[in-house]
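Descriptive structure summary
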Amino acid sequence: MNDQAQGLRDLVSNQQSQPPSKATRIITVTSGKGGVGKSNFTLNFALTLQKKGYKVLVFDADIGLANIDVLMGITAKYNLYHLLKKEKTIWEIVQTGYNELKFIAGGSGFQDLIRLTEEQLDDFAEQVSQLNGSVDFIIFDTGAGLSKETLKFILAAEETIVVTTPEPTSITDAYAIIKMVSSMDKQVRFRLVVNRATDWKEGKQTADKISMVAKQFLQLDIPTLGYVADDGSVSKAVKKQVPFTIEYPSCAASQAIDKLTDDFIARQTPTDNEAGAVKGFLSRMIKLLKQ
Ligand SMILES: Nc1ncnc2c1ncn2[C@@H]1O[C@H](COP(=O)(O)OP(=O)(O)O)[C@@H](O)[C@H]1O
Ligand SMILES: [Mg+2]
């Protein structure tokens, strides 16, 4: 394990000599419970960021239920699996979706990540590091709940967006995932998105419940990124396999994503790390792999 970590460390420090044009920030999107709208949120948030002038890459890291490609009606020719098997380079598995949105389809690749040899892991890290500077944001859509892989991505990323709905089961599961992750690393930054809220009030009440409990029992501040309306257009768009912000740009859910994205942009602080977040992400991955 140590040799493997050394390889990654060398790779990361080599990057320092060639500063990228701009820093890439890494965000994970997760939830306690499945089916809360994580993939729809990730995709439409990414498309909206892109519309507002940022370059975004969506990385589908949901092993069991990878479906970013399905939501766009695109059959991804290559996915992570081909990268891990060294059949393709990272640039060859990057697919292009609506409005030139770049994405990497999940496939079954992530299951293999924990079983990779040192050499394969070095290759993987080197390939991922090539993305540094090529986009402004890499957004990982992770699986629900806390699998080993999801946990590694959350712990390594700069910031994690937790998606919940106002349903009590979704709220308790969102809190459970926050509690588990923060017990392993207090530094992880979370932000909440309440999806499928009937109105603004219900969205706020849901977010308040989680942030109050997190404050009281975990001494954690969990800011809210925003609320997305429960909107029949989402399901209609899913059936058409067109992202809802593209198919129904003025529906309530699209408007909510638009506002939330503006708030997200307004609150961005420049990344501390000059060499960019991909480097930080890889360093943190090394630490996790050593454990
Ligand atoms: N804002 C919303 N309003 C109404 N229905 C929604 C909304 N978001 C998601 N859904 C419904 O929930 C389903 C599951 O969403 P999905 O993004 O695949 O969830 P996850 O990735 O969390 O499993 C969608 O197919 C859609 O029918
Ligand atoms: Mg999903």
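What you see is a predicted model, and the numbers here were worked out from it, not measured in a lab.

On to the overall build of the protein chain, then. Within the protein chain one finds 14 helices and 8 strands. A burial count over the protein chain gives 54% of its 291 residues as buried. Counted over contacts in the protein chain with a minimum sequence separation of 6, partners at least 24 positions apart contribute 81%. For the protein chain, the computed accessible surface area is about 13,200 Å², with 51% contributed by carbon and sulfur atoms.

Another point: the side chain of His 82. On the secondary structure map, His 82 appears in helix H4 (residues 80-84). Among residues more than four places away in sequence, those in contact with His 82 are Lys 77, Glu 87, Lys 88 and Ile 93.

With that out of the way, let us pick up the pairing of strand S2 (residues 56-61). In terms of burial, S2 is largely enclosed, as 6 of its 6 residues are buried. In this structure, S2 lies alongside strand S5 (residues 137-142), joined through 6 bridges in parallel fashion. In the sheet register, Val 58 faces S5, and the bridge partner there is Ile 139. Where S2 lies against strand S4 (residues 102-104), 3 bridges are found, and the strand directions are parallel. Bridge pairing links Leu 57 to Lys 102 in S4.

So, about the sheet that holds strand S6 (residues 159-164). Backbone hydrogen bonds hold the strands of a sheet together, and the pairing may be parallel or antiparallel. A sheet is described by the order of its strands in space; here 8 strands give the open sequence S3-S4-S2-S5-S1-S6-S7-S8, paired in mixed fashion. Single-partner strands in this sheet number two, and they are strand S3 (95-96) and strand S8 (224-229). Helix H2 (residues 38-51) contacts strand S1 (25-30), S2, S5, S6, strand S7 (190-197) and S8 of the sheet and is inclined by roughly 170 degrees relative to S5. Most of the contacts of helix H8 (residues 148-156) go to S1, to which it runs at about 140 degrees, and overall it touches S1, S5 and S6.

In an α-helix there are 3.6 residues to a turn, and that puts residues three or four apart on one side. When the terminal C-alpha atoms of helix H10 (residues 200-218) are compared, their 26 Å separation across 19 residues agrees well with the 27 Å that a helix rising 1.5 Å per residue should span. Listed in full, the buried residues belonging to H10 are Gly 203, Thr 206, Ala 207, Ile 210, Ser 211, Ala 214 and Leu 218. Buried residues of H10, seen end-on, are gathered within an arc of 115 degrees and therefore sit on one face of the element. Away from its buried face by more than 90 degrees, H10 exposes Lys 201, Met 212, Gln 216 and Phe 217. Gln 219 occupies a position one or two residues after H10 and carries a positive phi of about 50 degrees.

What follows concerns the site of ligand 1. Taken together, the neighbourhood of ligand 1 is formed by 14 residues, with Gly 35, Lys 38, Ser 39, Asn 40 and Asp 231 sitting nearest. Take Asn 40: an N or O atom from its side chain is 2.8 Å from an oxygen atom of ligand 1. Across the complex, the protein chains shield 83% of the 570 Å² of accessible surface that ligand 1 would expose by itself. Residue assignment for the shell around ligand 1 shows that the elements contributing at least two residues are H2, S7 and helix H11 (232-240). Tallied by class, residues from the shell around ligand 1 come to 4 nonpolar, 6 polar and 4 charged.

The final tally for this structure, using the stated rule, is 6 aromatic pairs. Between Tyr 54 and Phe 137 the ring centres are 5.7 Å apart and the planes differ by 55 degrees, which places this aromatic pair in the tilted class. Here Phe 137 lies in strand S5 and Tyr 54 lies in the loop between H2 and S2, a separation of 83 residues in the sequence. By relative accessible area, Phe 137 is classed as buried at 4%.

It is worth spelling out the packing of H2 against helix H13 (residues 252-266) at this point. Two elements in contact, H2 and H13, have axes whose closest approach is 10 Å; the angle formed by their N-to-C orientations is 65 degrees. Considering only the axes of H2 and H13, their crossing is right-handed. Touching Phe 41, Asn 44, Phe 45, Thr 48, Leu 49 and Lys 51 of H2 are Ile 257, Asp 258, Leu 260, Thr 261, Phe 264 and Ile 265, all from H13. When the residues that make up the contact of H2 with H13 are grouped by side-chain class, the tally is 7 nonpolar, 3 polar and 2 charged.

Quick look at the environment of Leu 131 now. Its place among the elements puts Leu 131 in the loop between helix H7 (118-129) and S5. Here Leu 131 falls in the buried class, since its relative accessible area comes to 1%. Each C-alpha atom, one on Leu 131 and one on Leu 57, is 9.2 Å from the other, the two residues being 74 residues apart in sequence.

As a further point, take the pattern of salt bridges. Counted under the stated rule, the structure contains 11 salt bridges. The partner of Glu 159 in a salt bridge is Arg 189, with the nearest N and O atoms 3.4 Å apart. Of this pair, Glu 159 sits in strand S6 while Arg 189 sits in the loop between helix H9 (168-184) and S7, and the two are 30 residues apart along the sequence. Assessed through its relative accessible area of 40%, Arg 189 is described here as partly exposed. Here Glu 247 and Lys 240 are joined by a salt bridge, their closest N and O atoms 2.8 Å apart. Judged by relative accessible area, Glu 247 falls into the partly exposed class, the value being 29%. What makes Lys 240 partly exposed here is its relative accessible area of 45%. Salt bridges sharing partners connect three or more residues here, namely Lys 51, Lys 52, Asp 258 and Asp 262.

Definitions and limits used
- Residues numbered from 1 in each chain as written.
- Chains lettered and ligands numbered in written order.
- Predicted model: local features only at pLDDT ≥ 70, side-chain atom pairs only at ≥ 80, totals over all residues.
- Heavy atoms only, no water.
- Helix = DSSP H or I, 4+ residues; strand = E, 2+ residues; numbered from the N terminus.
- Buried < 20%, exposed > 50% of the residue type's maximum accessible area, 1.4 Å probe, protein only.
- Contact = heavy atoms within 4.5 Å.
- Areas by Shrake-Rupley, 256 points an atom, 1.4 Å probe, with all protein chains shown as cover.
- Pairing = 2+ DSSP bridges.
- Axes fitted to C-alpha atoms, helices over the stretch in contact; angles between N-to-C directions.
- Expected span 1.5 Å × (residues − 1).
- Arc of directions from axis to C-beta.
- Near = heavy atom within 4 Å.
- Polar contact = N/O pair within 3.5 Å; in protein donor to acceptor, adjacent residues only side chain to side chain.
- Nonpolar A, V, L, I, M, F, W, Y, C, P; charged D, E, K, R; others polar.
- Phe/Tyr/Trp six-rings, centres within 6.5 Å; stacked < 30°, edge-to-face > 60°.
- Left-handed = near helix turned anticlockwise from the far one by under 90°.
- Salt bridge = Lys/Arg side-chain N within 4 Å of Asp/Glu carboxyl O.

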